[in-house]
Every structure is written in structure tokens, then in C-alpha cells.
Amino acid sequence: MTKMTQIGGASALPLNTILAGDCIEVMNGLPEASADLIFADPPYNLQLKGELHRPDNSQVDAVDDAWDRFDSFAAYDRFTRDWLAAARRLLKPGGAIWVIGSYHNIFRVGAALQDAGFWILNDVVWRKSNPMPNFRGKRFTNAHETMIWASRDEGGKYTFNYEALKALNEGIQMRSDWVLPICTGHERLKDDQGDKAHPTQKPESLLHRVLVGSTNPGDVVLDPFFGTGTTGAVAKMLGRDYIGIEREEAYRAVAEKRLKNVRKFDKAALEVSASKRAEPRVPFGQLVERGMLRPGEELYSMNGRHKAKVRADGTLIGSDAKGSIHQVGAACEGAPSCNGWTYWCYKKDGKRVPIDILRQQIRAEMAERPN
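Since we're looking at a predicted model, the values are computed, not measured.

Topic: the overall build of the chain
Looking only at helices and strands, one finds 12 helices and 16 strands in the chain. In the chain, the share of contacts with a sequence separation of at least 24, taken over all contacts with a separation of at least 6, comes to 66%.

Structural notes on the confidence of the model for the chain
In the predicted model, the chain carries a mean pLDDT of 87, and the fraction of residues at 70 or more is 88%. Ignoring residues within four places in sequence, the model shows residues 49–55, a span with pLDDT below 50, making 15 contacts including any to other chains. In this model, residues 58–63 is a region of pLDDT below 50 whose contacts with residues beyond four sequence positions or in other chains number 18 contacts.

Here we look at the state of the cysteines
Counted under the stated rule, the structure contains 0 disulfides. In this structure cysteine 338 is a free cysteine whose sulfur lies 8.2 Å from that of cysteine 332, the closest cysteine sulfur available.

Thoughts on the environment of tyrosine 76
Summarising the element assignment, tyrosine 76 is placed in helix α2 (residues 73–90). A relative accessible area of 0% places tyrosine 76 in the buried class. With 33 residues separating them along the chain, tyrosine 76 and proline 43 place their C-alpha atoms 9.1 Å apart. Other than its neighbours up to four places away in sequence, tyrosine 76 contacts Pro43, Tyr44, Asn45, Phe70, Asn105 and Val109.

Some thoughts on the pattern of salt bridges
Summed over all chains, the structure comprises 13 salt bridges. Measuring nitrogen to oxygen at the nearest pair gives 2.8 Å for the salt bridge that ties arginine 108 to aspartate 77. Taken as a pair, arginine 108 in helix α3 (residues 106–115) and aspartate 77 in helix α2 lie far apart in primary sequence, 31 residues in all. A salt bridge links arginine 88 to aspartate 153; the shortest N-O distance between them is 2.7 Å. Of this pair, arginine 88 sits in helix α2 while aspartate 153 sits in the loop between β7 (144–151) and α4 (162–168); the two residues are 65 residues apart in sequence, bridging distant segments of the chain. Accessibility expressed as a relative area gives 26% for arginine 88, which makes it partly exposed.

As for the packing of α2 against α3
The axes of two packed helices give the description: the angle between them and the distance between them. At a minimum axis distance of 10 Å, the contact between α2 and α3 shows a crossing angle of 45°. Looking at the two axes, α2 sits oblique to α3. Taken as a pair, α2 and α3 cross one another with a handedness that is right-handed. Residue-level contacts link Phe73, Tyr76, Asp77, Thr80 and Leu84 of α2 to Arg108, Val109, Ala112 and Leu113 of α3. For the contact of α2 with α3, the class distribution of residues is 6 nonpolar, 1 polar and 2 charged.

Some points on the side chain of lysine 128
Locating lysine 128 in the fold gives a position in strand β6 (residues 119–128). Those residues in contact with lysine 128, other than ones at most four positions away along the chain, are Ala143, His144, Glu145, Leu180 and Ile182.

A closer look at the sheet that holds strand β16 (residues 351–354)
The strands making up a sheet associate through hydrogen bonds between their backbones, and the pairing can be parallel or antiparallel. On the basis of which strands lie adjacent, the open sheet formed by 6 strands has the order β14-β13-β12-β11-β15-β16 and antiparallel pairing. The open sheet has two free edges, formed respectively by β14 (322–323) and β16, since each of these has just one partner strand. Summarising the sheet, strand β12 (residues 307–310) and strand β13 (residues 316–317) pair through 2 bridges and their orientation is antiparallel. Looking at β13, one finds that valine 310 is bridged to leucine 316.

Side note on the nonpolar core
The biggest cluster of nonpolar side chains holds 34 residues, and the ones touching the most others in it are Trp98, Met147, Trp178, Leu206, Val210 and Leu211. With 5 residues, helix α5 (residues 204–214) is the single largest residue contributor to this core. Setting aside anything within four residues of it in sequence, one finds methionine 147 in contact with Phe39, Trp98, Val99, Ile100, Asn122, Asp123, Val124, Trp178, Leu206 and Val210. Listed in part, the 33 residues of the second largest apolar core include Leu15, Leu30, Leu90 and Leu113.

A look at the sheet that holds strand β9 (residues 220–223)
Pairing within the open sheet is mixed, and its 8 strands lie in the order β3-β10-β9-β4-β5-β7-β6-β8. The two strands at the open ends of the sheet, each matched to only one other strand, are β3 (17–20) and β8 (177–180). Averaged over all pairs of adjacent strands, the angle between strand axes in this sheet comes to 20°, irrespective of strand direction. Across the sheet, α2 touches β4 (35–40), β5 (91–101) and β9, and the angle it forms with β5 is around 145°. In the packing of helix α6 (residues 230–237) onto the sheet, contacts are made with β4, β9 and β10 (241–246), and the angle to β10 comes to roughly 170°.

Some points on the packing of aromatic side chains
Enumeration according to the criterion identifies 11 aromatic pairs in this entry. A ring pair is formed by tryptophan 83 and phenylalanine 225, whose centres lie 5.2 Å apart and whose planes are at 85°; its orientation type is edge-to-face. Within this pair, whereas tryptophan 83 is found in helix α2, its partner phenylalanine 225 is found in the loop between β9 and α6, the two being separated by 142 residues in sequence. A relative accessible area of 0% places tryptophan 83 in the buried class. Linked through ring pairs, Trp98, Trp149, Tyr158, Phe160, Tyr162 and Trp178 together constitute an aromatic cluster.

What about the side chain of arginine 209?
Counting through the fold element by element, arginine 209 comes out in helix α5. Aspartate 177 is the oppositely charged side chain nearest to the buried, salt-bridge-free arginine 209, at an N-O distance of 7.7 Å. Not counting residues within four places of it along the chain, the set of residues in contact with arginine 209 comprises Leu165, Met174, Trp178 and Leu180.

Rules used in this analysis
- Residues numbered from 1 in each chain as written.
- Predicted model: local features only at pLDDT ≥ 70, side-chain atom pairs only at ≥ 80, totals over all residues.
- Heavy atoms only, no water.
- Helix = DSSP H or I, 4+ residues; strand = E, 2+ residues; numbered from the N terminus.
- Contact = heavy atoms within 4.5 Å.
- pLDDT = per-residue confidence, 0-100.
- Disulfide = S-S within 2.5 Å.
- Buried < 20%, exposed > 50% of the residue type's maximum accessible area, 1.4 Å probe, protein only.
- Salt bridge = Lys/Arg side-chain N within 4 Å of Asp/Glu carboxyl O.
- Axes fitted to C-alpha atoms, helices over the stretch in contact; angles between N-to-C directions.
- Parallel < 35°, antiparallel > 145°, perpendicular 65-115°, else oblique.
- Left-handed = near helix turned anticlockwise from the far one by under 90°.
- Nonpolar A, V, L, I, M, F, W, Y, C, P; charged D, E, K, R; others polar.
- Pairing = 2+ DSSP bridges.
- Core = buried A, V, L, I, M, F, W, Y, C linked by side-chain atoms within 4.5 Å.
- Phe/Tyr/Trp six-rings, centres within 6.5 Å; stacked < 30°, edge-to-face > 60°.
- Lys, Arg positive; Asp, Glu negative; His and termini not counted.

As C-alpha cells, then:
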């Protein structure tokens, strides 16, 4: 279902729609600063010369479509500059862009990104676990593509769900080299003749990682080279709104059919691990104000070596120091800093309980409050 939103009195934004036409013209007709994220899979300008055959002389279904052919590098560069300018105009101040490409084009696109004012955050290597072999045996097997992630402006804010990506990677910090398979099997879309519907269909796993890591539910994700709609399908599943732009009628038809069969995950399933920095701040003094800890009550270090008393203003006083829970903890250990929330505990029923339990209790109450 198409959802229309009004942007600052401008024309309505056609959410969850595939728009037909040239991506530059269409983007220039959309409201300024209306997208949270752009994912772009532009033509790679492969410059293929003739047909490509396997050792058994069977022909490889390579990318030889008209949309991937440009008269010269200069023509390709003009095209790149024009669509990037249109894309940057559409991004919100805290917006970002992902662009994917191969060695044929990604270096030219990267330079154009910087020239256009984008600020590169990372380049991510998608290492294909099942790449197409090099049939001629004259070069290395081309087993990866490169994605550039950039914010709209230098120093601008952008979404990065660090903890969610870490959780996706079994608790290990997500690196900039992603090992994922290319699109095969049941995921590969076919046309009415049983052939590949699109020569460069991207796997949903790739877009899942991009969108979980750099958007939030309700964000607007725009794809100016929509193809068969992988970006839209994953966005819809993850509770993001999408706008697709595609000039080829055949691709639009496949994408429309695909998107009709996609179902959004339920609200609970869309929640991801959040950074502790993103959690609401709870001053230690609030525990005292609410009577969860009383002035004069003693706190004990987790290692059992130190203790301090709670004061009415939410500070502590120890044998040799007074100040915040962090300052007194650091003084007790002779350390430059200390996380007082994990350092101190109190006694309840003769057992020591970390004071952070009380902070989490307040945070849980805050989360339950209606908006």
C-alpha cells in the first residue's frame, strides 16, 4: 500500500512506491531532505567486449544490457555526478548513502562522492562466498564488490546501530569485510521464460545488514536503481518505508510482484540491541530521591576492599575521598577513572547487589511510560 507524507508543505512523498523514469529526473522532482538513507547500485560500466564463454564453450549470461553501456569514462563520470547531486539533495541532514560497485567503477564513484560533499565513513568489502570463476584464466577470480558508506556532510550525524551489528556477528565487533553468498537458488528471481530476471540481483542478506546497521524502523530508504526490488523487499520486512526508482518496465513488473508477497515483521521482532549510550541517563541522585537508597546507607566495592556512605545530594563519602560514585570509586582504586555503576553494590537481605540493578529498574519504568 502506498503511503503519502507531507514534507514541510512540499508535495507529498510517495512512500512504498516504485517510480518509473530516469533516476535523476525523478529524484529532482521529489521533496528536498526527505530520505534517511539512499542505497544505490548504479550501472558498473563493465565495458564488456564481445561474448564471454566458459571452457565448454557455453555462453555466460553476463551484463550486456544497454543501461550498463556508456560511450566513454567522461560520459559515465557526468552521469555519476548528476545522480549523486540529486541524491544528496534528497538526504536529510542526518542522512547517509551506500553505493556498491566493482573495480570497473567504484573508484570513480568514490572520487565523485567526495567532490559532491559527501563524507566517507567506511568502505566495506562484500566478499562473495560463491563467486563466479574467471573463465578465461587470465586474471584473478573477481570474488568481491566494494560498498562505500558516506554521510551527507562532514561531521554530520548519521545512524549506526553498532550493538545490533555486533549481535548479528555473535558478539564480535562487525568488520568491514562481509562474507556473504551471491544471489542463487530460490532467491534468484526468474522471468516468464525461466531466465534471470536481473543480471546483478543483490542478495537480501546484504541489504539486511546495511539496513539493520544504518537505519531505524520508520526511516525512509530510497533506491534510485531499484531493479527487481531487493532494497524495497528488505526495507518492508524491517519496517522501513522505501521509494524505488526504475526506468526498465520489465524490472518494475518483477519488483511489484515480489513486493506484494513480502510481509513486515512484527514490532517486537524489529527491535534491535541498542548501545548503552543510547539508553536514558539516570543520575545516581535519582536513586536517593526515590528512596531506593537512603542517605547514610553504605555501599561496598564489588571486590570487597572499600566502602563509602551515601549522602543526601547523591554523592559518596569514603575514608579518603568524596564526590560522585565514579570519582570515589576511582580514588579508592587509585585509578584515573571508574564506572561507579558497576563498581559499587549495596546490601539486601545480607547479600551484595550491584547498584546498576536499581538504574535498570528505573530505565525499565521509563520505557513503559506511554508517549
